[in-house]
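Descriptive analysis of the structure
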Amino acid sequence: MTDSITRLDATALAEAGRTLEGGTPLDILRWASNMFAPRLTFATGFGAEGCVLLDLIGRHDLDVDIFTLDTGLLFPETYELWRRLEDKYDFTIRSVSPELSIEQQAATHGPELWEREPDRCCDMRKVTPLTAQLAGFDAWITAIRRDQTDSRAGALAVEWDPKFALGKVNPLVRWTKRDVWAHLLKHDVPYNPLHDRGYPSVGCLPCTSMVNAGEHDRAGRWRGALKTECGLHTQADGADEFGNTSSPA
Ligand code: SF4
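Attention here is on the structure that accompanies the text. As the structure is a computational prediction, the values presented were derived from the model and not from experiment. Residue numbers here run from 1 along each chain, matching the order of that chain's written sequence. It should be noted that, the model being predicted, local features are given only for residues of pLDDT at least 70 and side-chain atom pairs only at 80 or more, the latter also being counted only at that level, while totals for whole chains, interfaces and linings use all residues.

**Some points on the sheet that holds strand E1 (residues 40-43)**
Filter applied, for reference: For two strands to be treated as a pair, DSSP must find at least two bridges joining them. Numbering of helices and strands starts at the N terminus; helices are DSSP runs of H or I of at least 4 residues and strands are runs of E of at least 2. Angles run from 0 to 180 degrees between N-to-C directions of axes, and those axes are lines fitted to C-alpha atoms, restricted for helices to the stretch in contact.
Strands sit in the order E3-E2-E1-E4-E6-E5 across an open sheet of 6 strands; the sheet is mixed. The open sheet is flanked by strand E3 (94-96) and strand E5 (158-161), the only strands paired with a single partner. When strand polarity is set aside, the average angle formed by the axes of neighbouring strands in this sheet is 35°.

Structure below.
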């Protein structure tokens, strides 16, 4: 299968996904690295699931490009986690920035655009930079899990991504939130301390608030706005583009 698959063949990717169905996340990552590197990337948002994947990539020295979308508005705890992960695993997580700084955006579109037009803000600070980055790769790794949302219930370990037109690798597709946290604790993986303080899903600082008992993990994102995701999905499904939704079990 590995020799005959066409990189951008959706049918072949789906077949690979079915073959890898019983594989561990490490099996799937190794397969993807063998298949796609150096044109394989992981866009991490530093969620709990993302930290699991960074741990596997780092400890097993897998050939994967890694980047994050630095909107310029991340929590100090997220920036600190970024550095802790780089130090622990001795890899570089590339910073991908929007075209406009916060100051330039304010000058051009008015201050605190996220308060007035969050979709436009997300488009400029997340969607456009991500789209440009992915255009340079044959496949990207995401942290999505089947149990996150109904629309992800049919996700495969490997599949075609019609939105960005490249392969999509989902190593954690069969895992649960409990699996994610068991891995983080077992392997002493750095994670965002905000998860322990009522923030199960952490995005940009102005658009993230604490979650109350009984609320969905994503309830603290864009609270009060008719918005639940960054606009990167084919289907709005309540998890972000990186599949980050977890909090400690
Ligand atoms: S999450 Fe908020 S601040 Fe960040 S890009 Fe989207 S609207 Fe802007």
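**Observations concerning the environment of phenylalanine 137**
Our working definition: As a rule, residues whose C-beta atom has 12 or fewer other C-beta atoms within 10 Å are exposed, those with 20 or more are buried, and those in between are partly exposed; C-beta atoms are placed from the backbone.
You can see phenylalanine 137 is positioned in the loop between helix H7 (118-134) and strand E4 (139-141). Overall, the presence of 19 C-beta atoms within 10 Å leaves phenylalanine 137 in the partly exposed class. Linking phenylalanine 137 and glycine 167, residues 30 residues apart in sequence, is a C-alpha distance of 8.8 Å.

**A closer look at the site of the ligand**
For clarity, the threshold we go by: For each residue, a C-beta atom is placed from the backbone, and the residue counts as near a molecule or strand when that atom lies within 6 Å of it.
Around the ligand, the surrounding shell consists of Thr71, Leu73, Trp114, Pro118, Cys121, Cys122, Arg125, Lys126, Gly203, Cys204, Pro206 and Cys207. By residue number, the principal contributor to the shell around the ligand is H7, which donates 5 residues.

**Brief notes about helix H3 (residues 48-59)**
To be explicit about the condition: To estimate how far a helix should extend, the number of its residues minus one is multiplied by 1.5 Å. Contact criterion: two residues are in contact if their C-beta atoms, reconstructed from the backbone, are within 7 Å.
Helix length check: H3, at 12 residues, gives a terminal C-alpha distance of 17 Å against a target of 16 Å (1.5 Å per residue), a fit within 8%. Burial analysis of H3 places 10 of its 12 residues in the buried class, which makes it a mostly covered element. Within the span of H3, buried status applies to Ala48, Glu49, Gly50, Cys51, Val52, Leu53, Leu54, Asp55, Leu56 and Ile57. Lining the buried residues of H3 we find helix H2 (25-36), E1, helix H4 (76-89), E4 and helix H8 (177-186). Count one or two residues on from H3 and you reach aspartate 61, which has phi positive near 50°.

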